[in-house]
Amino acid sequence: MKAYKILFLITFLSILNGCKKEKTVGLITEKAMVVSAREEASKIGSAILQKGGNAYDAMVATHFALAVVYPVAGNIAGGGFMVYRNNDGTKGALDFREKAPITAHKDMYLDSLGNVIENKSVLGAFAVGIPGSVAGVFEVHKKFGTLPIKDLIQPAIDLARKGIVVTENQADDLNNATERFKKVNNYKTVFENNWKAGDILKQEELAQTLERIRDFGKDGFYKGETADLLVNYVAELGGIITHEDLEKYEAIWRKPIEFSYKDYNITSMTLPASGGICLAQILKSVEPFDLSDIEHNSTKYIQLLTEASRRSYADRAHYLGDIDFVNVPIDSLTDENYINNRMKSFSWDKATPSSEVSQGKILGYESDETTHYSIVDQFGNAVSVTTTLNTGYGSKVVVKGAGFILNNEMDDFSSKPGVPNVYGLVGSEANSIASEKRMLSSMTPTIVEKDGKLKMVVGTPGGSTIITSVLQNILNVVEFDMGMQESVNQPRFHHQWLPDVIRMEPNGFDEVSKNKLESLGYEILERNSLIIGRVDAILVLPNGKLEAGADKRGDDAAVGF
């Protein structure tokens, strides 16, 4: 009988153990890693590292590869931001955000009655900002690159010429955009087809453009044949970009936003990216609270982050714009006393209506279709890069004879301060259009350190949800001891002051928490499309190895060695 009881106990414990949920772990490598939106791009970046290149060489190669393999957001005619940390601990940031054309002006999207013209800042050649990506990657290579630029661009050329395998997600994206490609272009573009998974997309004209960039450097894009093709086609379609616009464009090295959260040092992007300031505000708002007593994604957790985010996004709306044009009180906005005072109106007993938080005006819409990649090399250097065309495939303008897509970044300005744009959001004076001004962004490429050592490289696409997605992944790791892939897989939520709703990923949050939040006065909206951020991140493990977090919401993949 005794033996029977022991056997029963062993059987019971083994069944119980089998029911335990196995912890999800991402790719783990010894030395180096690239995590991006597509495996082909990550492989190219990793191969450059294996050849002895550093993180900056891999950044150049990965960026050009994404322009080929992920045209919905990867680009040579968009822009973005990079935050870096070298192995000696020095940090910095590069702004290669697009700019308004020289002849752009505040009222350029208004009709004779002063009303916003529908879609004029979104679709077609009039929506295009001056591209910054090519200038950005050459600036990075000039400062930090070690391998010849030709070796870094050639893999992307080969990829464009040989063709890429279209994934199911990509086929859907391309087919959904077909009518808009047809609407704005005056010829049949390479992207118009009845795509299905497994098809091969070849881009010969893009290959030739990349060859000009390979052979003539930055001038291979901003001058010469490529510039002629871009300027002439934009003019043909009614746009206003000139040769002078292209020749004058420069990427700018900026001082990043740097702040502490408990025992961690966080470095993120400064203006015209709002991410760093907002991330600092939200984390400093949360810091006085003991999160060890609050369950992850519980009612109290969602409530606390929502109220901190609400106050930060209200400030974003009122104060933030291009610091070369607008005087922004960054130090005041991230001051601990100011933030604590902002949180005094927070109560666990009820929601704080956004109408009571601020009378500032919300900023213009920013699209979900951005892309991010994170790189750590074998020397200990790290880069975090977020880049975009703005909405999926940008303006849908594909430069005739050159094969690349132009951004529609002008829509990130406020077309008319005080009046809702086509997305129902109201614009702010700080982000109004001006000649050669950079438009505000939510991009938040971020690097986290602990005890003076690299801890985490993180970023995501997702428009205005970028900031809260980066925030939640940092907290997942530092407060809830999650691994990188486990963190990236967690359901996410978002609040941005206006509209006054908590957006949630469907099927990720329990009914009890949602009902409790609603009883406290919060409105909840569950839609996948509103929390689209695909986080690509790298975590340095205690043993020095690297763990990837490649977002399974897309085709994202990590490669390393």
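Residue numbers run consecutively from 1 along every chain, following the written order of its sequence. For a predicted model such as this one, the threshold for reporting local features is a pLDDT of at least 70, and the threshold for listing and counting side-chain atom pairs is 80 or more; totals across whole chains, interfaces and linings nevertheless cover every residue. For the side-chain quantities, the full set of heavy atoms in the structure was used; hydrogens and water were omitted.

Participant: Pulling in residues and values, what's your account of the side chain of H372?
Facilitator: Strands are runs of DSSP state E lasting at least two residues, helices are runs of H or I lasting at least four, and both sets are numbered from the N terminus onward. As for its position among the elements, H372 is in strand β10 (residues 370-376). Each polar contact in these results corresponds to two N or O atoms within 3.5 Å; when the atoms are within protein, one needs to be able to donate a hydrogen and the other to accept it, and residues that are neighboring in sequence are counted only if both atoms are side-chain atoms. Among the polar contacts listed, one links the side chain of H372 to the side chain of S384, at a separation of 3.4 Å. Here the side chain of H372 touches G459 through a polar contact of 3.4 Å, landing on its backbone nitrogen. Here, two residues are considered to be in contact whenever any of their heavy atoms come within 4.5 Å of each other. In contact with H372, not counting residues within four places along its chain, are V35, S36, A37, S384, V385, T386, P445, V458, G459, T460, P461 and D536.

Participant: Which residues make up the UniProt feature "active site" (unreviewed entry) in the protein chain, and what values go with them?
Facilitator: UniProt positions are given in the numbering used here, feature names are shortened, and annotations may be inferred rather than shown by experiment. Listed under "active site" (unreviewed entry) in the UniProt record, and renumbered for this structure, are T370. Locating T370 in the fold gives a position in strand β10. We classify T370 as buried; its relative accessible area is 2%. Apart from the residues lying within four places of it in its own chain, the contact partners of T370 are A73, T386, T387, T388, M443, P461 and G462. For T370, the side chain forms a polar contact with the side chain of T388, separated by 3.4 Å. Categorising residues by exposure relies on relative accessible area from a 1.4 Å probe, with only protein chains included: less than 20% of the type maximum marks a residue as buried, more than 50% marks it as exposed, and the intermediate range marks it as partly exposed.

Participant: Can you break down the packing of aromatic side chains residue by residue, with the values?
Facilitator: For Phe, Tyr and Trp, where Trp contributes only its six-membered ring, two rings pair if their centres lie within 6.5 Å, and the inter-plane angle classes them as stacked under 30 degrees, edge-to-face over 60, or tilted in between. Evaluation of the coordinates by the stated rule reveals 18 aromatic pairs. Ring centres of F144 and W253 lie 6.0 Å apart, and the angle between their planes is 90°; this geometry places the pair in the edge-to-face category. Of the two residues, F144 is situated in helix α4 (residues 133-144) and W253 in strand β7 (residues 252-254); the sequence distance between them amounts to 109 residues. Take W253: its relative accessible area is 25%, and that puts it in the partly exposed class. When the centroid spacing of 6.0 Å and the interplanar angle of 80° are considered together, the rings of F493 and F509 count as edge-to-face. In this pair, F493 is assigned in strand β14 (residues 493-494) and F509 in the loop between β15 (502-504) and α18 (511-519), connecting sequence segments 16 residues apart.

Participant: Lay out the UniProt feature "binding site: L-glutamate" (unreviewed entry) in the protein chain in plain terms, naming residues and giving numbers.
Facilitator: The feature "binding site: L-glutamate" (unreviewed entry), as given by UniProt, occupies R97, T388, L389, N390, D412, S441, S442 and G463 in the numbering adopted here. Here R97 shows up in the loop between β4 (91-96) and α4. On the basis of relative accessible area, R97 is assigned to the buried category, the value being 0%. Filtering out sequence-adjacent residues up to four positions away, R97 remains in contact with G80, F81, Y249, P272, T388, E409, D412, R438, M439, L440, S441 and M443. A distance of 3.0 Å separates a polar side-chain atom of R97 from the backbone oxygen of M439.

Participant: Got a sec to walk through the sheet that holds strand β3 (residues 79-85)? Specific residues and values, please.
Facilitator: A strand pair is defined by DSSP finding two or more bridges across the two strands. Sheet architecture is open: seven strands sit in the order β7-β4-β3-β11-β10-β2-β19, paired in antiparallel fashion. Only two strands of the sheet have a single partner each, and these edge strands are β7 and β19 (557-560). Ignoring which end each strand starts from, the neighbouring axes of this sheet average 15° apart. Bridge count for β3 against β4 is six bridges, and the pairing is antiparallel. By the bridge assignment, Y84 is partnered in β4 with G92. Set on the sheet, helix α3 (residues 55-69) makes contact with β2 (33-36), β3, β4, β10 and β11 (382-388); between it and β10 the angle comes to about 155°. Helix-sheet contacts for α4 involve β3, β4, β7 and β11, and the interaxial angle to β4 is about 150°. Only the stretch in contact is used when fitting a helix axis, every axis being a line fitted to C-alpha atoms; angles between N-to-C directions are given from 0 to 180 degrees.

Participant: Got a sec to walk through the environment of P131? Specific residues and values, please.
Facilitator: Mapping P131 onto the fold places it in the loop between β4 and α4. Between the C-alpha atoms of P131 and D245, which are 114 residues apart in sequence, the distance is 9.5 Å. Not counting residues within four places of it along the chain, the set of residues in contact with P131 comprises I76, A77, G78, E98, F221, Y222, L246, Y249 and N407.

Participant: For the sheet that holds strand β9 (residues 264-268), give the residues involved together with the corresponding values.
Facilitator: Strand order across the open sheet formed by seven strands is β1-β18-β17-β13-β12-β9-β8, with antiparallel pairing between neighbours. Sheet topology places β1 (28-29) and β8 (257-261) at the edges, where each strand pairs with a single neighbour. Relative to strand β17 (residues 536-540), strand β13 (residues 453-458) is paired through two bridges, and the arrangement is antiparallel. Paired with M456 across the strands is L539, a residue of β17. Relative to β8, helix α11 (residues 275-286) is tilted by about 15°, and along the sheet it contacts β8, β9 and β12 (446-450). Against the sheet, helix α16 (residues 466-478) makes contact with β8, β9, β12, β13 and β17, and its axis sits at roughly 140° relative to β13, the strand it touches most.

Participant: Got a sec to walk through the pairing of β12? Specific residues and values, please.
Facilitator: Counting buried positions along β12 yields four of five residues, so the element is predominantly enclosed. Pairing of β9 with β12, which is carried by five bridges, proceeds in the antiparallel orientation. Bridged to N265 within β12 is E449. Relative to β13, β12 runs antiparallel, the two sharing five bridges. Considered in β13, the bridge of K450 is made with K453. The loop that links β12 with its antiparallel partner β13 comprises two residues; one of these, D451, has a positive phi angle of about 55°.

Participant: Quick rundown of the environment of S292? Include the residues and the values.
Facilitator: Take S292: it is sitting in the loop between α11 and α12 (299-319). The exposed category is assigned to S292, whose relative accessible area is 61%. Residues S292 and P542, spaced 250 residues apart in sequence, show a C-alpha to C-alpha distance of 21 Å. In this structure the side chain of S292 is engaged in a polar contact, spanning 2.5 Å, whose partner is the side chain of D290.

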